[in-house]
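Architecture at a glance
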Amino acid sequence: KKQQIQTAKSKYLPDFSVGYFTQSMDKVGGFDGVKVGVSIPILQNNQGAKQAKFAVKIAENELEMTRQNMNFYYQELLAKRSEYADFYTKNIKNWSEQSQIIKKAIEKQLELGEIDYLRFVQLNEQAFDFELKKMEVIDKLNQTLILIDYFN
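The following paragraphs examine the structure supplied in this document. (Residues numbered from 1 in each chain as written. Predicted model: local features only at pLDDT ≥ 70, side-chain atom pairs only at ≥ 80, totals over all residues. Heavy atoms only, no water.)

**Some points on the packing of aromatic side chains**
In the structure shown here, the tally under the stated rule is 4 aromatic pairs. Between F87 and W95, the aromatic rings sit 5.6 Å apart at their centres with planes inclined by 70 degrees, giving edge-to-face as the arrangement. Taking the relative accessible area as the measure of exposure, F87 reaches 39% and is therefore partly exposed. Grouping aromatic residues by their ring pairs yields a cluster made of Y73, Y74, Y150 and F151. (Phe/Tyr/Trp six-rings, centres within 6.5 Å; stacked < 30°, edge-to-face > 60°. Buried < 20%, exposed > 50% of the residue type's maximum accessible area, 1.4 Å probe, protein only.)

Spelled out as structure tokens, the structure:
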């Protein structure tokens with residue numbers, strides 16, 4: 001855009017030209033000459049420069065808006081990272097313990113014949129749900145860290 005401004009402004013400057021020529025007429029040669037010219041723009045309209053300046057301002061505003069949006073998104077990512085990390089540290093131990101307790105209890109009950117295999121599978125699925133929650137939180141935390149690393 002700045003190059004467009006310079007191009008538009010250059011149209012308002014005088015244009016100088018210098019040339020050298022050799023000419024021959026009817027077997028007679030050696031007519032050498034120099035041609036000098038000056039072109040001065042008198043009635044030029046400066047709309048091109050104005051449009052280019054306006055386009056530069058628009059581009060600068062868009063760039064600033066993009067920077068602000070990126071900064072806001074980065075701050076959101078930092079807040080999410082903190083939230084996921086806190087959630088993970090608070091619940092990971094509890095989920096792991098509950099999962100282990102359920103697994104041990106249902107295996108013992110299955111060995112003793114206190115529950116049937118269908119109930120065993122249902123309770124085992126509950127234990128896996130705790131593990132799944134843990135993995136989901138870890139995944140969200142990792143995805144957030146990857147995005148933060150991308151911004152850095």
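**Digging into the environment of V28**
Here V28 lies in strand 2 (residues 28-39). C-alpha separation for the pair V28 and I138, spaced 110 residues apart in sequence, amounts to 93 Å. (Helix = DSSP H or I, 4+ residues; strand = E, 2+ residues; numbered from the N terminus.)

**Description of a nonpolar patch on the surface**
There is a patch of nonpolar side chains on the surface, built from V18, Y20, V34 and V36 and spanning about 480 Å² of accessible area. Sorting the residues of the nonpolar patch by element identifies strand 1 (15-25) and strand 2 as the ones contributing at least two each. (Patch = residues over 30% accessible without salt bridge, like charges linked within 9 Å, V, L, I, M, F, W, Y side chains within 5 Å. Areas by Shrake-Rupley, 256 points an atom, 1.4 Å probe, with all protein chains shown as cover. Salt bridge = Lys/Arg side-chain N within 4 Å of Asp/Glu carboxyl O.)

**Regarding the pairing of strand 1**
Of the strand pairs in this sheet, strand 1 and strand 2 are connected by 10 bridges, and their pairing is antiparallel. Residue pairing for strand 2: F21 is matched across the bridge by G33. Adjacent in sequence and paired antiparallel, strand 1 and strand 2 are bridged by 2 residues, among which D26 carries a positive phi angle near 45 degrees. (Pairing = 2+ DSSP bridges.)

**Quick word on the nonpolar core**
Listed in full, the 9 residues of the largest apolar core are W95, I102, I106, I115, F120, L123, A127, F130 and V137. Elements with a contribution of two residues or more to this core: helix 2 (47-112) and helix 3 (117-151). No other element matches the 5 residues that helix 3 contributes to this core. Discounting residues that sit within four places of it in the chain, F130 has contacts with W95, Q98, S99 and I102. (Core = buried A, V, L, I, M, F, W, Y, C linked by side-chain atoms within 4.5 Å. Contact = heavy atoms within 4.5 Å.)

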